[in-house]
Amino acid sequence: MTESTRDVTDGGETVGIESLGNDRSPFDQVSETTLSRKERLQQKYDRLIVAPGRILWSDWRARVGAAIILLYVLMGTVGVWLTEPTQLNDAPRLLLPFQDWAHPLGSDGNGRDLLRLTIHATPHMLQMILAGAVFTTAFATAIGAVSGYLAGSATDRILMTMTDIAMTIPGLPLVIIVAVALEPESAWLIGIIVVINYWAGLARTIRSQVLTIRRAEYVEASKTLGLSTRSIVTKDIIPNVMPYIFVNFVNAARQVIFASVGLYFLGLLPRVSANWGVMMQDGYTGGALLTWSAAHWLLVPMVTIVVLSFGLILFAQGTDRIFNPRVRARHAKSTSDENTDDEEESTATPVGAIGGGR
Amino acid sequence: MVRYYLERLTQSIITLLAVVTLSFGMIRLMPGGPMEMMRARLIRQNPDLGMDRINRLAENYVGFQPDRPIHEQYIEYLTMLAQGDMGDSYEFGRPVVDILAEALPWTAFVMSLSLLLMFVIAIALGALMAYREGSRFDTSWTVTSVTLTSVPYYVAAILLVYVFGYQLGWLPTGGRVAHTAEAGLNGEFLVSAIRHAVLPVASFVITGFGALAVAMRGNSIQVLGEDYMRVARLRGLSERRISFRYVARNAILPMWTSFLIAIGAMFGGSVILEEIFSYPGVGYYMLQAIEMRDMPLMMGAFLVITIGIIIGVLVADLTYGMLDPRASRGGGAQ
């Protein structure tokens, strides 16, 4: 969009071709369908959010996954606002679940309501997930895209050596050492620390994705036009690996949950009042392992984590299936057979899947 | 070919140096660093010693002299490590190397057993699912795999130790072998070692195989649809030859990256798992060291875990070059 067009359109009204046809040079002319800023935003919104959203909704995996994720988001926003934080001795100690509807999930060994404890742990968790996933994906995308586009250059070699080193350093022990050294309090910071070297594997895979498209005609065209590397990477390359990045965003989110809950469970992060990992630690040290009657103290946070993680996996798989061109192509070939619909694409799964332990 | 090996080797050495440097920095930068802690402890234990003597003793324990220029300290640290000296553990009063050398085989035992089982199960199951694509077997295992993958391995560990260790009492809840078993190649010792390893291995395998099986299934389906499969059939090759030489080989090769990642993931995961099962391996000692702020032991464990991963990845990388000739020519392994 050039300066002159912006002058014309910023007023918010669509300008017909007649009104400016006569007294302006051809260079000042804009197309008949010039849009106001609002309309442009609307169009962008349609293209970037509504359309993919509709496609996503057509896959049951994505639908169930999105519903589960939404439930947790609601829990962390509306839920916190609807329920009171729980105190010690709010309820009788070790009340079993589904006995008393004032405390549907029962209570822990200190008489705290487990449902409310779980709900009030959510916002902190969501902050960590957001911070960690955004950091991982942004960093990995930047490195993977640049090094893939410049494959073979010195920059590529340096970036990839860095990546390989980061990938080899054992994730969890490194995270533990950094966490012990820094004793982070802020949820945002913890979120980043628990996935401190998770970006490396992702950067490598993004690089290989980029390698496959960097010789594409539209990239060559931009190069011939003399566009800067930066502009080619951000305008041509990244949008084309975006679906892939999105899937990995979800996987990174899962990694944040696994690692942070694990660290809280081990008591390696500064204690917070409500966290699923802290609940597990309390249950574990409170003797929930020894008797059936206290088992729910451990089971409630465990189920909470597993369900969220299940939702994220389903969502990632659904997304991958829809956006992955290879899967789409295969679907087109085999529309007659319902069952091929079940085919898994291996690109998304292994990275996030084994990542659990890192 | 030689160049490929050299590159890989150089990379491992660079990684090792990076980790050693990190560990060097960590020991010095930690708040309330080891020097302070050691001095405080020594003063508490021997109140009548002079400050000079305390300082010298502390330096002896921590293994560095804080007043000397940093590069000299660094070189000394490297020399120390090269000689296999990681300092003494404050808590156990023994050389860190001794403690970890005793613990490492156990961690390696559990990890390699888990890796092996996980991949064998995943590859067999994935291939079967692909062959019976769309059947009830396929669908139900896909669902099961995804569900099991959603479970963090430490959650599985707690559940397993709860059910089989505490409630049913079938398997031990901690330790590496029974106290009564005598070390050596006798039946009792082996059985006891395996009984103690069952639950840790199961926690990794149960939560880990699903994702790999699903990946293997995807790979196999893709291979089954390739043109060369048709050609192979037309050539009249036996089904057996086709499934092993063509399908298995081409479907398993892409799993190699997952294997490399899994090595790191599991060695790292040993920290949590060994704590839950009180299994005295490297990860267990690392956590103990953190709780007691025993810096040499903590960094030693971190180094040993990293070296374990570097060696594992190096071996895997070099063998991959043998399995897939494309890799060593610079084409394949991305």
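Residues numbered from 1 in each chain as written. Chains lettered and ligands numbered in written order. Predicted model: local features only at pLDDT ≥ 70, side-chain atom pairs only at ≥ 80, totals over all residues.

Draft legend 1. Representation of the overall build of chain A. Counting its secondary structure elements, chain A contains 15 helices and 0 strands. Taken across its 358 residues, chain A has 45% of its residues classed as buried. Taking as baseline every contact in chain A between residues at least 6 positions apart, the subset at least 24 positions apart corresponds to 69%. (Helix = DSSP H or I, 4+ residues; strand = E, 2+ residues; numbered from the N terminus. Buried ≥ 20, exposed ≤ 12 C-beta atoms within 10 Å, placed from the backbone. Contact = placed C-beta atoms within 7 Å.)

Draft legend 2. Expanded view of the overall build of chain B. Tallying secondary structure elements over chain B gives 14 helices and 0 strands in all. The helix and strand sequence of chain B, counted from the amino end, reads α-α-α-α-α-α-α-α-α-α-α-α-α-α. By the burial criterion, 40% of the 334 residues in chain B qualify as buried. Taking the contacts inside chain B whose residues are at least 6 apart along the sequence as the reference set, 70% of them involve residues at least 24 apart.

Draft legend 3. Summary view of helix H6 (residues 136-149) of chain B. Residues and elements named next belong to chain B. Compared with an ideal rise of 1.5 Å per residue, which puts 14 residues at 20 Å, H6 spans 20 Å between its outermost C-alpha atoms and is within 8% of the ideal. Where H6 is concerned, the buried positions are Trp141, Ser145, Val146 and Thr149. Looking down the long axis of H6, one finds its buried residues gathered within 135° of arc, a one-sided arrangement. For H6, the exposed residues lying more than 90 degrees away from the buried face are Arg136, Ser140 and Val143. (Expected span 1.5 Å × (residues − 1). Arc of directions from axis to C-beta.)

Draft legend 4. Region of interest: the nonpolar core. Judged by nonpolar contacts, the single largest core of 168 residues is most densely connected at Val175, Val256 and Leu263 of chain A together with Leu212, Tyr285, Met286 and Ala301 of chain B. The biggest single contributor to this core is helix H11 (residues 229-266) of chain A, with 20 residues. (Core = buried A, V, L, I, M, F, W, Y, C linked by C-beta atoms within 7 Å.)

Draft legend 5. Spatial organisation of the interface of chain B and chain A. Between chain B and chain A, the residue contacts involve 58 residues of the former and 46 residues of the latter. Breaking the side of chain B that touches chain A down by element, the ones donating at least two residues are helix H1 (2-29), H6, helix H7 (153-167), helix H8 (187-224), helix H11 (256-276), helix H12 (282-291) and helix H13 (295-323) of chain B. Element by element, the count of residues in the side of chain B that touches chain A is highest for H11 of chain B, at 12 residues. Residues of the side of chain B that touches chain A, tallied by class, amount to 37 nonpolar, 18 polar and 3 charged. (Nonpolar A, V, L, I, M, F, W, Y, C, P; charged D, E, K, R; others polar.)

Draft legend 6. Structural context of the packing of helix H7 (residues 171-182) of chain A against H11 of chain B. Where H7 of chain A contacts H11 of chain B, the two axes come as close as 6 Å, and the packing angle between them is 45°. Comparing the axis directions of H7 of chain A and H11 of chain B gives the class oblique. Residues Gly171, Leu172, Pro173 and Ile176 of chain A of H7 of chain A lie in contact with H11 of chain B, whose contacting residues are Gly264, Gly268, Gly269 and Val271 of chain B. Considering only residue class, the contact of H7 of chain A with H11 of chain B consists of 4 nonpolar, 4 polar and no charged. (Axes fitted to C-alpha atoms, helices over the stretch in contact; angles between N-to-C directions. Parallel < 35°, antiparallel > 145°, perpendicular 65-115°, else oblique.)

Draft legend 7. Broad picture of helix H9 (residues 227-234) of chain B. In terms of residue burial, H9 of chain B counts as a barely covered element, since only 0 of its 8 residues are buried. Two residues or fewer past H9 of chain B, glycine 236 of chain B is found with a positive phi of approximately 80°.

Draft legend 8. Up close: unusual backbone geometry. Of note in this structure, glutamate 183 of chain A is not a glycine but carries a positive phi near 45°. Along the chain, glutamate 183 of chain A turns up in the loop between H7 and helix H8 (187-193). Positive phi, close to 40°, is recorded for serine 278 of chain B, a residue that is not glycine. Counting through the fold element by element, serine 278 of chain B comes out in the loop between H11 and H12.

Draft legend 9. Region of the structure containing the packing of helix H6 (residues 154-168) of chain A against helix H9 (residues 199-213) of chain A. Residues and elements named next belong to chain A. Look at H6 against H9: their axes get within 8 Å of each other, and the N-to-C directions meet at 140°. Here H9 runs oblique to H6, going by the angle between their axes. For the crossing formed where H6 meets H9, the hand is left-handed. Residues Thr163, Ala166 and Met167 of H6 form the contact with H9, whose own contacting residues are Ala200, Gly201, Ala203 and Arg204. (Left-handed = near helix turned anticlockwise from the far one by under 90°.)

Interpretation in functional terms is not warranted from these geometric data alone.
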